[in-house]
Amino acid sequence: MSASTRNSDPIRSAMEAETISQVRRMLAVGLQAYGELLRLENQVELLKHAGIEFPEGLIPVSDGNPDTVSDFAGALLLLDQQFKTE
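Residues numbered from 1 in each chain as written. Predicted model: local features only at pLDDT ≥ 70, side-chain atom pairs only at ≥ 80, totals over all residues. Heavy atoms only, no water.

Q: Lay out the overall build of the protein chain in plain terms, naming residues and giving numbers.
A: Along the backbone of the protein chain there are 3 helices and 0 strands. Secondary structure elements of the protein chain occur, N-terminal to C-terminal, as α-α-α. Partitioning the intrachain contacts of the protein chain with sequence separation of at least 6 by distance along the chain shows that 63% fall at a separation of at least 24. Accessible surface, the protein chain as shown: approximately 6500 Å² in total, 60% of it carbon and sulfur. (Helix = DSSP H or I, 4+ residues; strand = E, 2+ residues; numbered from the N terminus. Contact = heavy atoms within 4.5 Å. Areas by Shrake-Rupley, 256 points an atom, 1.4 Å probe, with all protein chains shown as cover.)

Q: Which residues make up the nonpolar core, and what are the values?
A: Across soluble globular proteins, nonpolar side chains have a tendency to be buried as a group. Counting residues in each nonpolar core, the largest one holds 6 residues, listed as Ile-20, Leu-27, Tyr-34, Leu-37, Phe-72 and Leu-79. Put simply, the parts of the chain that give this core at least two residues each are helix H2 (10-49) and helix H3 (68-85). Of the residues forming this core, the biggest block, 4 residues, is contributed by H2. Setting aside residues no more than four positions away along its own chain, Phe-72 makes contact with Leu-27, Gly-30, Leu-31 and Tyr-34. (Core = buried A, V, L, I, M, F, W, Y, C linked by side-chain atoms within 4.5 Å. Buried < 20%, exposed > 50% of the residue type's maximum accessible area, 1.4 Å probe, protein only.)

Q: Describe the confidence of the model for the protein chain, naming the residues involved and giving the relevant values.
A: Residues of the protein chain with pLDDT of at least 70 account for 84%, and the chain-wide mean is 83. When the elements of the protein chain are averaged for pLDDT, helix H1 (residues 3-8) gives the smallest value, 54, and H2 the largest, 88. (pLDDT = per-residue confidence, 0-100.)

Q: How would you explain the pattern of salt bridges if you had to name every residue and give the values?
A: Per the stated rule, a full pass over the model turns up 3 salt bridges. With its nearest N and O atoms 3.6 Å apart, the salt bridge here joins Glu-18 to Arg-25. By relative accessible area, which is 43% here, Glu-18 ends up partly exposed. Between Arg-24 and Asp-80 there is a salt bridge, and its shortest N-O distance comes to 2.7 Å. Pair noted here: Arg-24 is in helix H2 and Asp-80 is in helix H3, with a separation of 56 residues, a long-range link. (Salt bridge = Lys/Arg side-chain N within 4 Å of Asp/Glu carboxyl O.)

Q: Quick one: what's the story with the environment of Pro-60, residue by residue and with numbers?
A: You can see Pro-60 is positioned in the loop between H2 and H3. If near-sequence neighbours (up to four positions away) are discounted, Pro-60 is found in contact with Leu-37, Leu-40, Glu-41 and Val-44.

Q: Can you tell me about the side chain of Thr-68, naming the residues and giving the values?
A: Tracing the sequence through the fold places Thr-68 in helix H3. What makes Thr-68 buried here is its relative accessible area of 10%. At 3.0 Å, the side chain of Thr-68 and the backbone oxygen of Asn-65 are in polar contact. Ignoring anything within four residues of it in the chain, the contact list for Thr-68 reads Tyr-34 and Asp-63. (Polar contact = N/O pair within 3.5 Å; in protein donor to acceptor, adjacent residues only side chain to side chain.)

Here is the structure:
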């Protein structure tokens with residue numbers, strides 16, 4: 001959508017801005033949750049190295065994908081780029 005089209009329909013423009021804002025917030029929440037998952041994984045590893053047994057059901061599970069943080073950052077950058085170019 002071009003800037004002139006966006007400006008001609010203020011309701012649609014406001015809805016798009018709100019949607020982008022909501023998606024950005026959810027990406028931030030997801031990134032924060034992923035950081036917490038990594039923190040917990042590190043804590044479990046420290047406890048295991050100290051010889052403390054941990055029930056398998058309490059061990060956090062991640063996808064193990066090293067690109068996850070980059071994927072979050074890429075999605076946030078795409079939102080910024082989309083919002084600035086329209």
